[in-house]
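# Tertiary structure, described
So the chains spell out like this:
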Amino acid sequence: MNSLNSTIFLNTTFVRPPFFFINGLNNMPYAKYYYVFLCFVFVVSVLGNSFVMFIIYTERSFHTPKYMAVFNLALADLGESTALIPNLIAMFLFNSQYISFDACLANMFFVFFFSSLQSLTLTVLAYDRLVAICLPLRYHDIITMPAMTVILTVVWACDSVLLILMVILITRLSFCKSIVVKSYFCDHGPIYSLACNDTNINFIIAYVNMILLLYVPFILTALSYVFIAGALFKIASWEGRFKAIKTCSAHLILVALYYLPIMGTYIAALTLTLQPNARIMSTSFAKAITPMLNPIIYVLNTEEVKEFTKKKFKRKR
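The next point concerns the packing of aromatic side chains. All told, the structure shown has 17 aromatic pairs when counted by the stated rule. With a centroid separation of 5.4 Å and an interplanar angle of 20 degrees, the aromatic rings of Phe-109 and Phe-113 are classed as stacked. Here the residue Phe-109 and the residue Phe-113 both occupy positions in helix H4 (residues 101-134), the gap between them amounting to 4 residues, near one helical turn. The exposure class assigned to Phe-113 is buried, which follows from its relative accessible area of 4%. Grouped by ring-pair contacts, the aromatic residues Phe-109, Phe-110, Phe-113, Phe-114 and Trp-156 constitute a single cluster.

On to the confidence of the model for the protein. Residue-level pLDDT values for the protein average 84, and 89% of them are 70 or greater. Note on residues 1-12: pLDDT under 50 across the span, and 2 contacts to partners over four residues away in sequence or across chains.

When the terminal C-alpha atoms of helix H3 (residues 65-94) are compared, their 44 Å separation across 30 residues agrees well with the 44 Å that a helix rising 1.5 Å per residue should span. The largest bend in H3 comes to about 25 degrees, at Thr-82, with the proline Pro-86 one to four residues further on. Following H3 by one or two positions, Asn-95 has its phi on the positive side, about 50 degrees.

The N-to-C vectors of helix H2 (residues 31-58) and H3 enclose an angle of 155 degrees; their axes lie 9 Å apart at closest approach. If you check the angle between H2 and H3, you find them roughly antiparallel. Seen from above, H2 lies across H3 with left-handed handedness. Looking at the contact of H2 with H3 residue by residue, the class counts come to 20 nonpolar, 5 polar and 2 charged.

Another aspect to go through is the environment of Ala-31. Of note, Ala-31 is situated in helix H2. Assessed through its relative accessible area of 15%, Ala-31 is described here as buried. Sequence separation of Ala-31 and Phe-92 is 61 residues, and the distance between their C-alpha atoms is 9.0 Å.

Criteria and cut-off values
Residues numbered from 1 in each chain as written. Predicted model: local features only at pLDDT ≥ 70, side-chain atom pairs only at ≥ 80, totals over all residues. Heavy atoms only, no water. Phe/Tyr/Trp six-rings, centres within 6.5 Å; stacked < 30°, edge-to-face > 60°. Helix = DSSP H or I, 4+ residues; strand = E, 2+ residues; numbered from the N terminus. Buried < 20%, exposed > 50% of the residue type's maximum accessible area, 1.4 Å probe, protein only. pLDDT = per-residue confidence, 0-100. Contact = heavy atoms within 4.5 Å. Expected span 1.5 Å × (residues − 1). Bend = angle between axes of the 7 residues up to and from the residue. Axes fitted to C-alpha atoms, helices over the stretch in contact; angles between N-to-C directions. Parallel < 35°, antiparallel > 145°, perpendicular 65-115°, else oblique. Left-handed = near helix turned anticlockwise from the far one by under 90°. Nonpolar A, V, L, I, M, F, W, Y, C, P; charged D, E, K, R; others polar.

Below is the structure:
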């Protein structure tokens, strides 16, 4: 009878906790050194991506469809770093791992939103490289500023709708099991698993978002490079092939940096018994390091940016 009463109570009582406890890096050895590393990563990420956005905005020669997408990638990198790392550092400095329910949902949305925006923007840049190499004579007719504006608008709209829906569905849950989130931020999976009512719809939206915002962009990016590889074999001279490969190398490195750690962790979690600390360390490192390296590899190392920097430096002198 008592168990029946408790079941009826759980089914009729809606419990929304005032806060959650982020358990993340709590029991990891040498965690303080990792926090110091994250401070360095955050500073470099902010400076690097802010500089990229500044030069693209101020220099008219960078007002092209490709650099419009690059600006979007830098914005996504800056947004993810800002949504993720300061909260982690605040937990360490102030020993405050409690986060209010509303702030937790906001943190969940922005971390996933900007991370997914990186994935989608990398696919847009892959499309740009595909047209540039496979259809070089029609590149400026296909990749125009209005076309890129439409593509990026669709990317932002789809990303926003899917993740707003994911966050809204959290508000229908009743949390009566625990308030301890076994992650390093307000992660969607560890949070909805704390609920005591039906979470099937949350499970479904999690997998739908993973497919649409991670696997589909990765497959489209991989397919674009299959077509690019086919076009490269048609180029007669090795010099022409090398020049084409060089234009894609930086983007390929970014794709590997973004997808391999995340997808490797997901696959390991599904096929192996992955320790929570190992999962937290691998995913947090991947999400922190990628926004720092993106501007260095993809933009700051390009000839156009080097020439722009030299001109600015000469003007100041």
